[in-house]
Each structure stands twice: as C-alpha cells, then as structure tokens.
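The primary structure of each chain is shown beneath.
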Amino acid sequence: MSLELISFKLCPFVQRSVITLLYKQAPYKITYIDLAEPPEWFLKISPFGKVPALRLDDGTTLFESAIINEYIDDITPPQLNPSDPLKRAQNRSWIQFGEQCIVDQYQLMMAKDEETFDSVRTRTLNNLDKVEKILGKGPWFNGEAFSLVDAAYAPIFMRYDLIKPKDDVMPESRYPRINAWSQALLDLPSVQNSVTEDFSKLLANYIRKNSAYAAKRLVAATAA
Ligand SMILES: N[C@@H](CCC(=O)N[C@@H](CS)C(=O)NCC(=O)O)C(=O)O
C-alpha cells in the first residue's frame, strides 16, 4: 500500500500525520500544495478542501488528521492506539480537544489587536490548564507508551517553542507536566523531522504577513 500525504508546509494538522508516519517508520510520499491557491486536482480529492488528505494507491482519499492517524496506525502494527476500548475512547477525546488548542494557538498568531490577543491568550491558558490536569507522570500522555495523543499535541508545542510569546502561555510554574511532555516530544526525531528545514522562517513570515500586532507580541516573528 503506498501512502501520499497532501500537505501545506505550515499546517499543524498535517504535522500530526507526518509525526505518526515517521514514528511508525511507514514509507510515504509527501506532496505540498499552496492552500491560498489550491490546485484543481486537490479540490477534487479533498471534499472540504482541507489538508491533510491521505491518498492511497487505489485512488481512495482520507481526510481529517485524527482519522488519518488511526488508519496509519491500523495498517502499520504494532498499534500506538491503546487496545483497551475505554482508554482508546479517552485518548480520542483528548485528541479532539487538541484541535481546540491548535485553534487557540492559530488565533493568537493572527490576533489583530490587543483586546483580541489578550482574550485568546486567556482562553489558551484555561484550555492548557485542562491538559495539565489530565497529564500523569509521563513521559508521554499515556505514561510509558507513545500514542496518537502525543502525535496530536506535538505540533502545538513546537510552535510555542518557536514563536515564544513574550508573555508566556506555557509557564513552567503553572504547567510543569505540559512542559516536561513538550520537552520529551521536542527531543524526539520523529517530531524534529516532521517539518521542512525552512519551517521557523516560514512561520515567522506568515505571522508578520497576517498580523503586525501579533508579530509584536511573539518573539520569533519580531526577529530579523
Ligand atoms: N479537523 C481538520 C482540520 C484541518 C484544517 O483545518 N486544515 C487547514 C490547514 S492547517 C486547511 O486545510 N484549511 C483550508 C480551508 O479551510 O479551506 C483535521 O484535523 O484534519
């Protein structure tokens, strides 16, 4: 079975799938598109025009990062998803919540003024509180075993590590477990290799282009 992941270089949802593919050492091909000008063929295969899309060799296409990751996990044993149905369901719930954390982060990077930035920051902190509360001793979300929840949150931590909000959204004192989790993930080759070499530059440019205000509050975006 050959797998082709359709990607946009800055997309955190695609990155979730790249991490899963790399962690599982599953062979795949990656095709980048420009979401600002999506090609005709992409709009034909991705029903909602979103990345990631995973194209299989029989032409079938899957969409939604969490579903794509479960599929990759199912076809490349041993499974990362826990075998216990309850644990698996709980993991899915937190993967779903991770989408809100990605949205928080995106809105922070795009906030056009102080009021919006501060209100998104408050929501971001409150949502991270919920994650801190559920985490155990680590190193991974489920303890000793790396799972799809880890792949789902790593893109968020990589971005916070790069953009470094001046008024921190992940202070060690408030989020000791998240910080330890984040560090373990950032040390992992499957996470480090899940973006292109120019990723931090692209991200900084994207922030600057879309919000002069957010760029002022995010260290990476103000760097020359
Ligand atoms: N829930 C989806 C979200 C995917 C998503 O929003 N992708 C963005 C890029 S990061 C996208 O394709 N946006 C294009 C659009 O909404 O038209 C997933 O987990 O795959």
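Refer to the structure printed above.
Residues numbered from 1 in each chain as written. Predicted model: local features only at pLDDT ≥ 70, side-chain atom pairs only at ≥ 80, totals over all residues. Heavy atoms only, no water.

Chemist: Requested: an account of the packing of helix α4 (residues 85-110) against helix α5 (residues 114-134), with residues and values cited.
Modeler: Working note: a packed helix pair is described by the angle between its axes plus the distance between those axes. At a closest axis distance of 9 Å, the pairing of α4 and α5 adopts a crossing angle of 155°. Comparing their axes, α5 and α4 come out roughly antiparallel. For the pair α4 and α5, the sense of crossing is left-handed. In contact with W94, F97, Q100, C101, D104, Q107 and L108 of α4, α5 contributes F117, V120, R121, R123, T124, N127, K130, V131 and I134. Its residues assigned to classes, the contact of α4 with α5 comprises 8 nonpolar, 4 polar and 4 charged. (Axes fitted to C-alpha atoms, helices over the stretch in contact; angles between N-to-C directions. Helix = DSSP H or I, 4+ residues; strand = E, 2+ residues; numbered from the N terminus. Parallel < 35°, antiparallel > 145°, perpendicular 65-115°, else oblique. Left-handed = near helix turned anticlockwise from the far one by under 90°. Contact = heavy atoms within 4.5 Å. Nonpolar A, V, L, I, M, F, W, Y, C, P; charged D, E, K, R; others polar.)

Chemist: Tell me what's going on with α5, and back it up with residues and numbers.
Modeler: Helix length check: α5, at 21 residues, gives a terminal C-alpha distance of 31 Å against a target of 30 Å (1.5 Å per residue), a fit within 8%. Within the span of α5, buried status applies to F117, V120, R121, T124, L125, N127, L128, V131 and E132. Along its buried surface, α5 packs onto α4, α6 (148-163), α7 (176-186) and α10 (212-217). The distance from a side-chain oxygen at the start of α5 to the backbone nitrogen of E115 is 3.3 Å, and the residue carrying that oxygen is D113. (Expected span 1.5 Å × (residues − 1). Buried < 20%, exposed > 50% of the residue type's maximum accessible area, 1.4 Å probe, protein only. Polar contact = N/O pair within 3.5 Å; in protein donor to acceptor, adjacent residues only side chain to side chain.)

Chemist: Break down empty space enclosed by the protein for me, citing the residues and quoting the values.
Modeler: Counted according to the given criterion, the structure contains 1 cavity of 30 Å³ or more. Volume-wise, the largest cavity comes out at about 30 Å³. Counting residues per element, the ones that place at least two in the lining of the largest cavity are α3 (65-75) and α6. Looking at the lining of the largest cavity residue by residue, the classes come out as 4 nonpolar, 1 polar and 1 charged. For the lining of the largest cavity, the domains that each give at least three residues are domain 1 (3-75) and domain 2 (85-222). (1 Å grid on protein atoms, 1.4 Å probe; cavity = no way out; pocket = protein on both sides within 12 Å on 5 of 7 lines; lining within 4 Å. Points joined across faces, edges and corners; volume = space filled by probe spheres on them. Domains from an automatic or database assignment.)

Chemist: So what about the side chain of S190? Which residues, and what values?
Modeler: Of note, S190 is situated in helix α8 (residues 189-192). Once residues lying within four places of it in the same chain are set aside, the contact partners of S190 are I19, L22 and Y23.

Chemist: An account of the pairing of strand β1 (residues 3-7) is needed here, citing residue identities and associated values.
Modeler: Judged by how many residues are buried, β1 sits mostly within the fold: 5 of 5 residues are covered. Residues L3, L5 and S7 point to one face of β1 and E4 and I6 to the other, with burial holding for every one of them. One ladder, built from 4 bridges, connects β1 with strand β3 (residues 53-56); its direction is antiparallel. Its bridge partner lying in β3, I6 is registered against A53. With 4 bridges connecting them, β1 and strand β2 (residues 29-32) associate as parallel partners. (Pairing = 2+ DSSP bridges.)

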